[in-house]
Amino acid sequence: MNIRTLDEIITEAEAQKVSISTIIKIIESKELETSVENLTKKMKEYFQVMKESAQKGIERPISSLSGITGGEGYRLWKASENAISDNVTLKAAARAMAVSNVNASMGRIVASPTAGSCGIIPGVLISVAEKLGKSDDQITDVLFTAGAVGKIIAMNATLAGAEGGCQAECGSAVAMAAAATVELSGGTPRQVGHAVAIALKSLMGLVCDPVAGLVEVPCIKRNGMGAVQAIMAADMALAGIESIIPADEVIKAMGEVGRMMPEQLRETATGGLATTPTGKRIKRELFG
């Protein structure tokens, strides 16, 4: 089955009256010539790494190798009692930054879909599953849906910040997390598609401007903010709010916007926050 669009996956899932993750596991099983059980086992192993990274980053402040960031996930987690935001979104943001902290310390993470956006999917799914009482097996299943969205984006646009800006990294991760959240919450395949579109539209045009070329500033905080946006996109879709522009068209538009971006705003650290006076000072202090 040669599927290149999200709508094709949604249509197939609707026709068979099953979830997107069920369709994807069958497709991947055939393409990779392995059993669904083996695929599921491998995905569960990935999820365990996500869980461990999230837990490590909220238990103690973890500093990056550069020393310019550290402990963001831990501090937000500790501030939960006095937080303005609700418990689920705060925990999702804290866990997302916690995973990013582990990444910046050269710890073990899952690039989901990239190292720069590694915290969004685990932060969201662990926190949403906690609220809904979902098991690790159920989270493992919806990670196939997240993966399918990432694969469609990769085929029709890009996942690389160097090619499409941070909309391609954090934007894609937010769309993937929103899709998985909708399915985990009992939403329909069509609602999954709307969540993807809503999420990706909200981050259209986001530049990639890492200070000193490191995946820390503003990347870690963008993971936290992205987790919140993913949950809201899922809530909108589950409430019956639909995207006027179909998800596949949004994905292609994101790719076009990325190609329009100047090189300075595509992970080169020669524009945006990287070239502010403070950004330049940090670079000098680190690299001379």
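See the structure printed just above.
Notes on the structure in this doc start here.

Criteria and cut-off values
- Residues numbered from 1 in each chain as written.
- Predicted model: local features only at pLDDT ≥ 70, side-chain atom pairs only at ≥ 80, totals over all residues.
- Heavy atoms only, no water.
- Helix = DSSP H or I, 4+ residues; strand = E, 2+ residues; numbered from the N terminus.
- Rg over C-alpha atoms; globule rule 2.2 N^0.38 Å.
- Buried < 20%, exposed > 50% of the residue type's maximum accessible area, 1.4 Å probe, protein only.
- Core = buried A, V, L, I, M, F, W, Y, C linked by side-chain atoms within 4.5 Å.
- Contact = heavy atoms within 4.5 Å.
- Salt bridge = Lys/Arg side-chain N within 4 Å of Asp/Glu carboxyl O.
- Patch = residues over 30% accessible without salt bridge, like charges linked within 9 Å, V, L, I, M, F, W, Y side chains within 5 Å.
- Areas by Shrake-Rupley, 256 points an atom, 1.4 Å probe, with all protein chains shown as cover.
- Polar contact = N/O pair within 3.5 Å; in protein donor to acceptor, adjacent residues only side chain to side chain.
- Expected span 1.5 Å × (residues − 1).
- 1 Å grid on protein atoms, 1.4 Å probe; cavity = no way out; pocket = protein on both sides within 12 Å on 5 of 7 lines; lining within 4 Å.
- Points joined across faces, edges and corners; volume = space filled by probe spheres on them.
- Nonpolar A, V, L, I, M, F, W, Y, C, P; charged D, E, K, R; others polar.
- Axes fitted to C-alpha atoms, helices over the stretch in contact; angles between N-to-C directions.
- Parallel < 35°, antiparallel > 145°, perpendicular 65-115°, else oblique.
- Left-handed = near helix turned anticlockwise from the far one by under 90°.

**Concerning the overall build of the protein chain**
If you tally the helices and strands in the protein chain, you get 13 helices and 0 strands. The C-alpha atoms of the protein chain give 18 Å as radius of gyration, which agrees with the globular expectation for 288 residues (19 Å, within 12%). If one aligns the C-alpha atoms of the protein chain with their principal axes, the spans along those axes are about 60 × 40 × 40 Å. By the burial criterion, 52% of the 288 residues in the protein chain qualify as buried.

**Examining the nonpolar core**
Inside soluble globular proteins, nonpolar side chains tend to come together where they are buried. Counting 71 residues, the largest nonpolar core has Leu6, Ile9, Val124, Leu125, Val149 and Ile153 as its most contacted members. Broken down by element, this core gets its largest block of residues, 13 residues, from helix H9 (residues 166–184). In this view, Ile153 contacts Thr158, Leu159, Ser172, Ala175, Leu200, Ile251 and Met254; residues no more than four positions away in its chain are not counted.

**Here we look at the pattern of salt bridges**
In total, this model carries 12 salt bridges according to the counting rule given. Notably, a salt bridge pairs Asp7 with Arg190, separated by 2.9 Å at the nearest N-O pair. Remark: Arg190 occurs in helix H10 (residues 189–202) and Asp7 occurs in helix H1 (residues 6–16); sequence separation between them is 183 residues. Among the residues examined, Asp7 registers a relative accessible area of 37% and is labelled partly exposed. Given the relative accessible area of 30%, Arg190 is considered partly exposed. Two residues, Lys25 and Asp141, come together in a salt bridge whose shortest N-O distance is 2.7 Å. Taken together, the positions of Lys25 in helix H2 (residues 20–32) and Asp141 in helix H7 (residues 136–156) put the pair 116 residues apart, joining distant regions of the chain. Where salt bridges share partners, they join Asp7, Glu14 and Arg190 into one cluster.

**Things to note about a nonpolar patch on the surface**
Among the surface-exposed residues, Met232, Met236 and Ile241 lie close enough to one another that they form a single nonpolar patch of about 250 Å² accessible area. Tracing the chain through its elements places Met232 in helix H11 (residues 219–238).

**Structural notes on the side chain of Ser112**
Structurally, the position occupied by Ser112 is in the loop between helix H5 (87–104) and helix H6 (120–132). Given a relative accessible area of 5%, Ser112 falls into the buried group. Among the polar contacts listed, one links the side chain of Ser112 to the backbone oxygen of Cys118, at a separation of 3.2 Å. Apart from residues no more than four positions distant in its own chain, Ser112 is found in contact with Met50, Ser117, Cys118, Ile121, Pro122 and Ala173.

**Overview of helix H3 (residues 36–59)**
Taking 1.5 Å of rise per residue, the 24 residues of H3 would be expected to cover 34 Å, and the 34 Å separating its terminal C-alpha atoms lies within 8% of that figure. Within the sequence span of H3, burial applies to Leu39, Met43, Phe47, Val49, Met50, Ser53, Ala54, Gly57 and Ile58. Those residues of H3 that are buried are in contact with H2, helix H4 (72–78), H5, H6 and H7.

**Observations concerning the layout of surface pockets**
Considering only enclosed or pocket space, the largest pocket measures out at about 680 Å³ in volume. Contributing elements (two or more residues each) for the lining of the largest pocket: H2, H3 and H7. Counting residues per element, the lining of the largest pocket draws most heavily on H7, at 9 residues. Each residue belonging to the lining of the largest pocket can be placed in one class, and the counts come to 22 nonpolar, 4 polar and 5 charged. Taken as a whole, the second largest pocket spans an internal volume of roughly 230 Å³.

**Description of the packing of H6 against H7**
One can describe the packing of H6 onto H7 by two numbers: an axis separation of 11 Å at closest approach and a directional angle of 140°. One element, H6, and the other, H7, form an angle in the oblique class. Every pair of crossing elements has a handedness; the one defined by H6 and H7 is right-handed. Here Ile121, Leu125 and Ala129 of H6 lie close against H7, whose contacting residues are Ile139, Val142 and Leu143. A breakdown of the residues in the contact of H6 with H7 according to their chemical character gives 6 nonpolar, no polar and no charged.

**Comments concerning the environment of Arg4**
Topologically, Arg4 is positioned in the segment before H1. Accessibility expressed as a relative area gives 39% for Arg4, which makes it partly exposed. Considered as a pair, Arg4 and Lys151 are 147 residues apart in the sequence and their alpha carbons are 8.7 Å apart. Setting aside anything within four residues of it in sequence, one finds Arg4 in contact with Ile152, Met155 and Asn156.

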